Amino acid sequence: MTDASTPPVSSVPDDGAAPGPAVPPEREVLTWETFGVAARELAEQVVASGFRPEVVVAVARGGLLPGGAVAYALGTKGVGTLNVEFYTDIGQTLTDPRVLPPLMDTSDLPGAHVLVVDDVADSGRTLALVMEMLSTHGAEARSAVLYTKPRTIIQPDYSWRDTDLWITFPWSADPPVAGAQPRPKD
C-alpha cells in the first residue's frame, strides 16, 4: 500500500466559515536511511524471538524491498515473492485481495520456517490471505511488517512501528520515470 500523490483534504473552521485552501493530510514518511534501520530492527525482533526462517517471502510489490533487506539482515538466502493486488487508490481496494502471476513455487514449503514480509498491515487482509495460503501448503509461517495500522484484522508477529497515518515509502514516493508505464493506482 504505497502512494506517491498527496490527496487534498479540506479543512472547515469550527465557526462554519467556507473551507480554506486544500491542506495535505499528515503522513508518515519513511526515508531510505530510516528504512535501513527499520529492516535491521525487524530482523533483530525475529532473532530475539528464536524464530529462524529458512525462507523469506516478500509480498509484492510493497514488501519486495523490505523482504530483501530483512532476508540479508537475517542471513537467509531462500527468498520468494508472492504477488498480491488489493489497493487501487488511497483508501480504495478491490472487494478481496487477489494473487497475481507469476505464482511462487510452494513445493518446498511443507515443514519450512517461513517469514512473510510486507510494507504495512493496513486492513490486514493481504497479510491474512498470504498467511493462510502458506499454512495450507504446510509452512510454519510468521509475519513481519514495517508498519501496523490499528484497524488490521491480523496482528503481525513482528512490526517496526504502529501508525494510523498514510505512509510515503521511499521506493514509491516519486512517479515512474519518463517513458515508463503509467503507474496504476496503488
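Calculation criteria
- Residues numbered from 1 in each chain as written.
- Predicted model: local features only at pLDDT ≥ 70, side-chain atom pairs only at ≥ 80, totals over all residues.
- Heavy atoms only, no water.
- Core = buried A, V, L, I, M, F, W, Y, C linked by side-chain atoms within 4.5 Å.
- Buried < 20%, exposed > 50% of the residue type's maximum accessible area, 1.4 Å probe, protein only.
- Helix = DSSP H or I, 4+ residues; strand = E, 2+ residues; numbered from the N terminus.
- Contact = heavy atoms within 4.5 Å.
- Phe/Tyr/Trp six-rings, centres within 6.5 Å; stacked < 30°, edge-to-face > 60°.
- Expected span 1.5 Å × (residues − 1).
- Arc of directions from axis to C-beta.
- Salt bridge = Lys/Arg side-chain N within 4 Å of Asp/Glu carboxyl O.
- Axes fitted to C-alpha atoms, helices over the stretch in contact; angles between N-to-C directions.
- Parallel < 35°, antiparallel > 145°, perpendicular 65-115°, else oblique.
- Left-handed = near helix turned anticlockwise from the far one by under 90°.
- Nonpolar A, V, L, I, M, F, W, Y, C, P; charged D, E, K, R; others polar.

In the annotation of an unreviewed UniProt entry, the entry for the protein chain reads Phosphoribosyltransferase, and the organism field reads Cellulosimicrobium protaetiae.

So, the nonpolar core
Formed by 20 residues in total, the largest nonpolar core has its most connected members in L30, L42, L115, L146, Y147, Y158 and F169. Elements represented by at least two residues in this core include exactly α1 (32-49), α2 (64-74), β5 (113-121), β6 (140-148) and β7 (158-162). For this core, the leading source of residues is α1, giving five residues. Beyond its immediate chain neighbours, meaning those up to four positions away, L30 contacts F35, L146, Y147, W160, T168, F169, P170 and W171. One finds V84, V114, V116 and M131 within the second-largest nonpolar core, a separate group that totals 16 residues.

Some details on the packing of aromatic side chains
Within the structure shown, the criterion is met by six aromatic pairs. Considering the side-chain rings of F35 and W171, the 5.2 Å spacing of their centres and the 75 degrees angle between planes classify their relative orientation as edge-to-face. Highlighted residues: F35 in helix α1 and W171 in the segment after β8 (166-168), separated in sequence by 136 residues. Under the relative-accessibility criterion, F35 is labelled buried at 8%. An aromatic cluster is present here, built from W32, F35, Y147, W160, F169 and W171 joined pairwise through their rings.

A short note on helix α3 (residues 125-136)
For α3, with 12 residues, the first-to-last C-alpha span of 17 Å sits near the 16 Å given by 1.5 Å per residue. If you check which residues of α3 are buried, you get T126, L127, V130, M131 and L134. Within α3, the buried residues cover an arc of 130 degrees as seen down the axis, which keeps them to one side. G138 sits one or two residues past α3 and shows a positive phi near 85 degrees.

Here we look at α2
Where α2 is concerned, the buried positions are P66, G67, V70 and A71. Considered in projection along α2, the buried side chains sweep an arc of 130 degrees and stay on one side of the axis. Just beyond α2, the residue with positive phi is G75, at close to 75 degrees.

Considering the environment of A141
Tracing the sequence through the fold places A141 in strand β6. In the structure, A141 is positioned 25 residues away from V116 in sequence and 6.9 Å away in space, judged by C-alpha atoms.

Here's the deal with the pattern of salt bridges
Tallied over the entire structure, the rule returns four salt bridges. As a salt-bridge pair, K149 and D122 come within 3.6 Å of each other at their nearest N and O atoms. Taken together, the positions of K149 in the loop between β6 and β7 and D122 in the loop between β5 and α3 put the pair 27 residues apart, joining distant regions of the chain. When the shortest N-O distance is used, the salt bridge between D122 and R151 registers 2.8 Å. Within this pair, whereas D122 is found in the loop between β5 and α3, its partner R151 is found in the loop between β6 and β7, the two being separated by 29 residues in sequence. Accessibility expressed as a relative area gives 4% for D122, which makes it buried. Exposure remark for R151: the relative accessible area of 46% places this residue in the partly exposed category. Connected through shared salt-bridge partners, D122, K149, R151 and D164 make up one network.

Looking at the packing of α1 against α2
In contact at an axis separation of 9 Å, α1 and α2 are set at 55 degrees when each is read in the N-to-C sense. By the criterion of interaxial angle, the relationship of α1 to α2 is oblique. Remark: the crossing between α1 and α2 carries right-handed chirality. Packed against α1, whose contacting residues are W32, F35, A39, R40, L42, A43, V46 and V47, the element α2 presents L65, P66, A69, V70, A73 and L74 at the interface. Class assignment for the residues of the contact of α1 with α2 results in 13 nonpolar, no polar and one charged.

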